[in-house]
Amino acid sequence: MNIVCIGGGPAGLYFALLMKQQNPAHQITVVERNRPYDTFGWGVVFSDQTLGNLQLADPVSAGQILDAFNHWDDIEVNIRGQKMRSGGHGFCGIGRKRLLNILQKRCEDVGVKLVFETDVQDDTVYADADLVIASDGLNSRIRAKYAQTYQPDIDLRDCRFVWLGTTKLFEAFTFAFEETEHGWFQAHAYRFDDTHSTFIVETPQAVWERAGLDKMEKEDAIAFCEKLFARYLDGHPLISNASHLRGSAQWIRFPRVVCKRWVHHNGIAPVVLMGDAAHTAHFSIGSGTKLALEDSIELARCIGRAKGDLEGALRDYEAVRSIEVLRIQNAARNSTEWFEHVDRYVNLPPEQFAYSLLTRSQRISHENLRLRDKTYVEDFEDWLAERAGKQRARTQQAVPPMFTPFKVRGITLKNRVVVSPMAQYSCEDGLPSDYHLVHLGARAMGGAGLVMAEMTCTSPDARITPGCPGLWNEAQRDGWKRIVDFVHAQSDAKIGIQLGHAGAKGSTRVAWEGIDQPLEEGNWPLISASPQQYLDGISDWSHAMTREDMVRVQADFVRSTKWAVDAGFDWLELHCAHGYLLSSFISPLTNRRTDEYGGSLANRLRYPLEVFHAVREAWPQHLPMSVRISAHDWVEGGITPNDAIEIARAFKAAGADLIDCSSGQVSKKEQPVFGRMFQTPFADRVRNEAGIATIAVGAISEADHVNSIIAAGRADLCAVARPHLANPAWTLMESAKIGYPDIGWPKQYRAAKMQLERNLERERAIAAQAAGGSPLEQANRALGV
């Protein structure tokens, strides 16, 4: 084949090298607009696992790269005069210029033609090419030319950063955070050769402008950074090698590039995107060069096994790499947003701030971090447990974050696990029965700190379905008291009740007979903030609440609250989410009122807050009260996470102790983005911006999730739903899975505890033996890096 690579960065050079080695008969040309051996920027970073991939692809260049690398294991975090270090991360730094020099020399050695100082304006000039590689970088002309095919999505991120160097040689990958009168700045610094380190300075756009950096000459801006980070530089200068940039142009906003398609046919040959032309990954996870090289490896592999079917090879390349790149980009997005909003986390204790930084991408979890540096994790666990009032004995293991106690008002939960309220549709006339005794009792004995009963309705017409529980009469109160008494007698769990009103989503069938479908008969009138049909053309219409309706419903909530007190519940949650009655006031999608209860967010919150105040007054002061909100409607024009902060602040001011951060179910037009722990960012923002404790919910399914969330200060409790449906003893099982034995089991079940722990320990030993390798290699394999 005749192959032309437009762009002589890592992607183009490495692909040319691999293809020439695969078949020396290929005619391969790499065209680069810069001069020979000329490059900008400083050092780049690889993980140890990336080096393994290079070793398999081309041992010669891998050996030369490895010889030029500076290797380190530690990450150091500096904030507010404190320094925290974690080891076992396995990074390598190499000068970008040195990397390109190695690849250029290897290409020359195997017969690749390198053409420099040639700025390609038109890919079609290569009329005899069988394959054109568009590896022309972040500002790819080829991508722009064929944008209709590639369909690039370019998201310009908020922070400004400048890529500098220094003669200070850092021993660890160092993060430094400094506060100024304008806001926070951060530095990312790492050594990449015997004489220099990379030193990237970053700050949000607004802070950059307030500091006047947008108007400074380059030399003045560098002096500003030297002064700001003087304590880390030890008198060494900061250096720019971007002589072609003037003034504020050296400060870049990172563009996140995602392309829907990677292959275009220009009428002569297929033109294939590679490296930064196809995708970008933020420098804070150090994967841009890794992705470029692995693009090269995969495309060469696809072509090699296609046996002449180039079209099929390109389809395979796009399919494989687009998925892998998206996975890395999702992690990079999490990392990017963490640094963009570092002011959200700077008030965490420094120890927790450092942990939050280490786990910011959500790729490195609590147990993955333990594989890297067991001592760091155990020391952090001890610190966290002591802050929660639990100190381990010498003979005990460190306490995982999920098993630390949580105190709020007069209640202390033994751990951070909550059995989420889950509709069971198993009542008659709202009366909880033996089913609920078994259902909730089993989960209370299963190890969770708090068991929440499903949404309990304040009147017959407040129910979602005829099978929903209620608390509008004394018989229901007594039914609940029987269950509460059992939980208190047979476990050390606490039990809570969630009070709510279905609003426009009421008078429907139980889930297994047609969820959200209206009853065939026996319907009751529906009320909500404004007239609506939850299912267009299907649901019954609700009518807008009158002031008399508001007074009646509020009184129903107060009556139910008083009976919840009589039943002995430890915790009360007010349901203001998911499109139910109180939620219908909060969301602009469902509240179109023109009176004092509609319009602005403050007005839309007016009635839910009136109900909250009345319930809080009726609920004992020594018992906690939470509020479940929809932190995102997932519909344009609906509630956003920014609104959720203001909603949380309003309920906090009214006396709420926690915000239970759910989302969606307000409109059938919603388009949620699902994924592991997908709603946790809402709890994170509310906790760290509104300054109130939160409950995280949604796709939290293993102890590692809970530990990571609690340890990073993203939430204070984790509500787990479906895993608890599958296994009432989920919390006990997860403690055994992570090898934490110091958790109380019901005395009747203790015989099973030892056997379970032995079986799981045997499984872990077998798995470790089969996996082989160092803890770091195991950690990287778990991440797929």
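Values in this document were obtained by computation on a predicted structure and should not be read as measured data.

Engineer: Please explain the overall build of the protein chain as it appears in this structure.
Structural biologist: In terms of helices and strands, the protein chain carries 27 helices and 29 strands. Radius of gyration (C-alpha) of the protein chain: 30 Å, near the 28 Å computed for a compact globule of 785 residues. The C-alpha extent of the protein chain, read off along each of the three principal axes, is 90 × 65 × 55 Å. Considering the protein chain as a whole, with its 785 residues, one finds that 60% of them fall into the buried category. Long-range pairs, those at least 24 residues apart, make up 72% of the contacts in the protein chain with a sequence separation of at least 6. For the protein chain, the exposed area adds up to about 31100 Å²; of that, 50% sits on carbon and sulfur atoms. Averaging the locations of the 86 positively and 97 negatively charged side chains of the protein chain gives two centres separated by 2 Å.

Engineer: How do you make sense of the sheet that holds strand β20 (residues 417–419) when you look at a structure like this?
Structural biologist: Pairing between the strands of a sheet comes from backbone hydrogen bonds, and it takes one of two forms, parallel or antiparallel. Spatial strand order, β20-β21-β22-β25-β26-β27-β28-β29: eight strands in a closed barrel with parallel pairing. This sheet shows a mean twist of 25 degrees between the axes of neighbouring strands, independent of strand direction. Judged from the five bridges that link them, strand β25 (residues 571–576) and strand β26 (residues 625–630) form a sheet pairing that is parallel. Bridge pairing in β26 links glutamate 573 to serine 626.

Engineer: Help me understand the environment of tryptophan 619, please; the structure alone is not making it clear to me.
Structural biologist: You can see tryptophan 619 is positioned in the loop between α20 (606–618) and β26. Take tryptophan 619: its relative accessible area is 1%, and that puts it in the buried class. Residues tryptophan 619 and valine 558 lie 61 residues apart in sequence; the distance between their C-alpha atoms is 8.6 Å. Those residues within four positions of tryptophan 619 in sequence are excluded, and the remaining contacts are Thr561, Ala564, Val565, Phe569, Asp570, Trp571, Leu572, Pro624 and Met625. Among the polar contacts made by the side chain of tryptophan 619, one reaches the main-chain carbonyl oxygen of proline 624 at a distance of 3.0 Å.

Engineer: Can you walk me through the packing of aromatic side chains in this structure?
Structural biologist: The relative placement of two aromatic rings is captured by the distance of their centres and the angle of their planes. By the definition in use, this model includes 32 aromatic pairs. Between tryptophan 72 and tyrosine 190, the ring centres sit 6.0 Å apart and the planes meet at 25 degrees, which makes this aromatic pair stacked. Taken together, the residues span a long stretch of sequence, with tryptophan 72 in strand β4 (residues 70–72) and tyrosine 190 in strand β12 (residues 183–191) at a distance of 118 residues. For the residue pair tryptophan 72 and tyrosine 190, the accessibility class agrees, reading buried in each case. Ring geometry for tryptophan 208 and tryptophan 251: centres 6.4 Å apart, planes at 55 degrees, overall tilted. Taken together, the residues span a long stretch of sequence, with tryptophan 208 in helix α7 (residues 205–210) and tryptophan 251 in the loop between β14 (238–239) and β15 (252–259) at a distance of 43 residues. The buried category is assigned to tryptophan 208, whose relative accessible area is 3%. A residue is classified by how much of its surface remains accessible, and tryptophan 251, at 2% relative accessible area, is buried. The positively charged end of arginine 160 is found above the aromatic ring belonging to tryptophan 208, 4.3 Å away from the centroid. In this structure, lysine 505 is placed above the aromatic ring of tyrosine 580, and the distance from its NZ or CZ to the ring centre is 4.6 Å.

Engineer: Even after reading the chapter, I still don't get the pattern of salt bridges, so can you show me in this structure?
Structural biologist: Close approach of charged atoms allows side chains with opposite charge to pair. What the rule picks out here adds up to 49 salt bridges. Arginine 593 serves as the salt-bridge partner of aspartate 595, at 2.8 Å between the closest nitrogen and oxygen.

Engineer: I tried to follow the sheet that holds strand β1 (residues 2–6) on my own but got confused; where do I start?
Structural biologist: Strand order in this open sheet of six strands is β8-β2-β1-β9-β17-β16, and the pairing throughout is mixed. Looking at the sheet topology across the chains shown, the edges are occupied by β8 (113–115) and β16 (263–265). Neighbouring strand axes in the sheet, compared pairwise and without regard to direction, differ in orientation by 20 degrees on average. Note that β16 and strand β17 (residues 270–273) share three bridges and pair antiparallel. Paired with valine 263 across the strands is valine 272, a residue of β17.

Engineer: Got a minute to help me understand the environment of cysteine 718 in this structure?
Structural biologist: Inspection of the secondary structure puts cysteine 718 in strand β29 (residues 717–720). For cysteine 718 and aspartate 343, which are 375 residues apart along the polypeptide, the C-alpha to C-alpha distance reads 24 Å. Apart from the residues within four sequence positions on either side, cysteine 718 is in contact with Arg416, Val417, Val418, Ile695, Ala696, Ile700, Val706, Ile709 and Ile710.

Engineer: Is there a simple way to explain the side chain of serine 507 in this structure?
Structural biologist: Looking at where serine 507 falls in the secondary structure, it is placed in the loop between β22 (494–500) and β23 (527–528). In terms of polar contacts, serine 507 uses its side chain to reach the backbone amide nitrogen of tryptophan 524, at 3.2 Å. Ignoring sequence-local partners within four residues, the contact set of serine 507 consists of Arg463, Ile464, Pro518, Leu519, Asn523, Trp524 and Leu526.

Engineer: Any chance you could explain the pairing of β26 here in plain terms?
Structural biologist: Within a regular strand, side chains alternate between the sheet's two faces. Among the six residues that make up β26, six are buried, leaving the element largely enclosed by the rest of the structure. Burial of the side chains of β26 extends over both faces: Met625, Val627 and Ile629 are buried on one face and Ser626, Arg628 and Ser630 on the other. With helix α21 (residues 641–654) bridging β26 and its parallel neighbour strand β27 (residues 658–662), the resulting β-α-β unit is right-handed.

Engineer: Can you help me understand helix α25 (residues 730–737) in this one?
Structural biologist: An α-helix turns once per 3.6 residues; consequently, residues spaced three or four apart project the same way. Taking burial as the measure, the eight residues of α25 include six buried ones, the bulk of the element. Within α25, the full set of buried residues consists of Trp730, Thr731, Leu732, Glu734, Ser735 and Ala736. Where α25 is buried, its residues contact β20, α23 (703–711), β29, α24 (722–726) and α26 (750–771). Phi for glycine 739, located one or two positions after α25, is positive at around 75 degrees.

Conventions used here
- Residues numbered from 1 in each chain as written.
- Predicted model: local features only at pLDDT ≥ 70, side-chain atom pairs only at ≥ 80, totals over all residues.
- Heavy atoms only, no water.
- Helix = DSSP H or I, 4+ residues; strand = E, 2+ residues; numbered from the N terminus.
- Rg over C-alpha atoms; globule rule 2.2 N^0.38 Å.
- Buried < 20%, exposed > 50% of the residue type's maximum accessible area, 1.4 Å probe, protein only.
- Contact = heavy atoms within 4.5 Å.
- Areas by Shrake-Rupley, 256 points an atom, 1.4 Å probe, with all protein chains shown as cover.
- Lys, Arg positive; Asp, Glu negative; His and termini not counted.
- Charge placed at Lys NZ, Arg CZ, Asp CG, Glu CD.
- Pairing = 2+ DSSP bridges.
- Axes fitted to C-alpha atoms, helices over the stretch in contact; angles between N-to-C directions.
- Polar contact = N/O pair within 3.5 Å; in protein donor to acceptor, adjacent residues only side chain to side chain.
- Phe/Tyr/Trp six-rings, centres within 6.5 Å; stacked < 30°, edge-to-face > 60°.
- Lys NZ or Arg CZ within 6 Å of the ring centre and 35° of its normal.
- Salt bridge = Lys/Arg side-chain N within 4 Å of Asp/Glu carboxyl O.
- Right-handed = clockwise from strand over helix to strand, strands pointing away.

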